[in-house]
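# Observations on chain architecture
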Amino acid sequence: MYKRQTSPTASGCRKKTPPNATPTSAAGETALNAARAVSSSAYKKSSGSVKVLPNAEAASAMLKVDKLESDVVNGKMPAWFYWLESAVRLVAPIKRAGTNGGAPDVRPLGLGNSRRRASAKHIADFHKEDFAEILGQVQVAVGMKSGGQKLAFGVRAMTELNEHQGFVCAKVDKENAYNRVLRRRIMRTLVGLPLRFRKYARYRGMFYRPASPVVLAGSVAAFSSEEGGQQGDPGFCSDYSLTTHATAVAVDAELAAVGGFARFQVDDGTLYGPPDAVFKALRRYGVAVEADGENLRFDKCSA
């Protein structure tokens, strides 16, 4: 069962929670700290007025929140709860305005609730170092501090070391990667994780099994969220990286054989090596990722 046994310190280290302390979820701890910050009291609106609650009563309420979140992340709630919990609100931010009266380029986003995000972030942070060991150096987005900066520095260093060999660096772009990856592939990956992750797999699987309701303009839409992850879900970064890890490792090994490499920051890839090897590896990688439901945007890939 997930229980919060430690709390992060300002230095990034962890300190033990006193034995008699009550474990709290991320959501419960945040709310409890907020309650303590308001002059040793919390308040709520009641019948149009403000009612002051003693700290003890606020703490008691947060313990109930903690109990609920503990049941949620340990898979103890009924199936209908996770169906509702996985619901998203659909918004479509405009990326670029349309030209000559045409439709604008939009990116549909499915946004979940903040309480779910708080608990998912806590669970993701709990496992990120373990996942970093599984993903190794190929994936820099999970459990690696300043992974993007390290990747940029590594590409620059390799370019300087091989400046006379004519190596190229190709950027990989995928079509709506978060939304396209198949949930059955995600579930297969979660089930195949080492035994110590069985609780994580059970918790995450609760949100990939149902066809999640989509709320559009205040009403439940006629379609549902059935594939991929959802924007604002802190756990999906790890799940996506784990699901697509095999293809990432394969293209890295192919390029490593000729002095190059492949690195990924979630779905954004960087392939480096001799031009012929890089372009051939890119084409093979584009075919390989189709098994996960993904498509490369060759029109947006660059070298």
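Above this text is the structure in question.
Summary of the structure given here. The shown structure was predicted, so the numbers you read here are calculated from the model rather than taken from an experiment. (Residues numbered from 1 in each chain as written. Predicted model: local features only at pLDDT ≥ 70, side-chain atom pairs only at ≥ 80, totals over all residues. Heavy atoms only, no water.)

## Digging into the packing of aromatic side chains
Considering all chains together, one arrives at 13 aromatic pairs under this definition. Relative to Phe236, the ring of Tyr178 has its centre 4.7 Å away and its plane inclined at 75°; by these criteria the two rings are edge-to-face. Separated by 58 residues along the polypeptide, Tyr178 in helix H6 (residues 177-180) and Phe236 in helix H9 (residues 236-243) bring together distant segments of the chain. Here Tyr178 and Phe236 have matching classes, each one buried. Taken together through their ring pairs, the aromatic side chains of Trp80, Phe81, Tyr82, Tyr203 and Phe207 make up a single cluster. Above the plane of the ring of Phe207 lies Arg116, whose end atom (NZ or CZ) is 4.6 Å from the centre. (Phe/Tyr/Trp six-rings, centres within 6.5 Å; stacked < 30°, edge-to-face > 60°. Helix = DSSP H or I, 4+ residues; strand = E, 2+ residues; numbered from the N terminus. Buried < 20%, exposed > 50% of the residue type's maximum accessible area, 1.4 Å probe, protein only. Lys NZ or Arg CZ within 6 Å of the ring centre and 35° of its normal.)

## Concerning the packing of helix H8 (residues 198-208) against H9
Where H8 meets H9, the axes come as close as 12 Å, and the angle between the chain directions of the two elements is 100°. When the interaxial angle is binned, H8 and H9 end up roughly perpendicular. Contacts between H8 and H9 involve Tyr200, Arg204 and Tyr208 on the former and, on the latter, Phe236, Ser238 and Asp239. Within the contact of H8 with H9, the residues separate by chemical class into three nonpolar, one polar and two charged. (Axes fitted to C-alpha atoms, helices over the stretch in contact; angles between N-to-C directions. Parallel < 35°, antiparallel > 145°, perpendicular 65-115°, else oblique. Contact = heavy atoms within 4.5 Å. Nonpolar A, V, L, I, M, F, W, Y, C, P; charged D, E, K, R; others polar.)

## Considering the pattern of salt bridges
Taken as a whole and judged by the stated rule, the model has 12 salt bridges. For Asp239, the salt bridge is made with Arg204, and the minimal N-O distance between the two is 2.7 Å. Here Asp239 is found in helix H9, whereas its partner Arg204 is found in helix H8, with 35 residues between them in sequence. As a salt-bridge pair, Arg263 and Asp252 come within 2.9 Å of each other at their nearest N and O atoms. Here Asp252 lies in helix H10 (residues 245-256) and Arg263 lies in strand S12 (residues 261-265), a separation of 11 residues in the sequence. The class of Asp252 is buried, set by a relative accessible area of 15%. A single network of salt bridges, built from pairs that share partners, joins Arg116, Arg204, Asp233 and Asp239. (Salt bridge = Lys/Arg side-chain N within 4 Å of Asp/Glu carboxyl O.)

## A word on the pairing of S12
On a regular strand, one side chain projects to one face of the sheet and the next to the other, so that they alternate. Examined bridge by bridge, S12 and strand S13 (residues 268-273) share five bridges and lie antiparallel to one another. Pairing of Phe261 across the sheet is with Tyr272, part of S13. Taking the residues that link successive antiparallel strands as the turn, the S12-S13 hairpin has two residues, and the phi of Val266 there is positive, at about 60°. (Pairing = 2+ DSSP bridges.)

## Structural notes on a nonpolar patch on the surface
Together, Trp80, Trp83 and Leu84 make up a nonpolar patch on the protein surface, roughly 360 Å² of accessible area in all. Turning to its location among the elements, Leu84 is positioned in helix H3 (residues 79-85). A relative accessible area of 47% places Leu84 in the partly exposed class. (Patch = residues over 30% accessible without salt bridge, like charges linked within 9 Å, V, L, I, M, F, W, Y side chains within 5 Å. Areas by Shrake-Rupley, 256 points an atom, 1.4 Å probe, with all protein chains shown as cover.)

## Describing the sheet that holds S13
Strand pairing in a sheet takes place through backbone hydrogen bonds and is either antiparallel or parallel in direction. An order of S9-S13-S12 is seen for the three strands of this open sheet, with the pairing classed as antiparallel. The open sheet terminates on both sides in strands that have one partner only, identified here as strand S9 (168-172) and S12. Ignoring which end each strand starts from, the neighbouring axes of this sheet average 15° apart. The sheet contacts of H10 involve S12 and S13, and relative to S12 the element is tilted by about 150°.

## Here's the deal with H10
Compared with an ideal rise of 1.5 Å per residue, which puts 12 residues at 16 Å, H10 spans 16 Å between its outermost C-alpha atoms and is within 8% of the ideal. Inspection of H10 places His245, Thr247, Ala248, Val251, Asp252 and Leu255 among the buried residues, and these make up the whole buried set. Viewed end-on, H10 has its buried residues packed into an arc of 165°, placing them on one side of the element. Lining the buried residues of H10 we find helix H4 (114-135), H9, S12, S13 and helix H11 (275-288). (Expected span 1.5 Å × (residues − 1). Arc of directions from axis to C-beta.)

## Overview of the sheet that holds strand S10 (residues 212-216)
With mixed pairing, the four strands of this open sheet are ordered in space as S8-S5-S10-S11. Of all strands in the sheet, those bounded by a partner on one side alone are strand S8 (109-111) and strand S11 (219-225). Going from strand to strand, the sheet's axes swing by 40° on average, the running direction of each strand aside. When strand S5 (residues 88-91) meets S10, the two strands line up parallel, connected through two bridges. Along S10, the bridge assignment pairs Arg89 with Val215.

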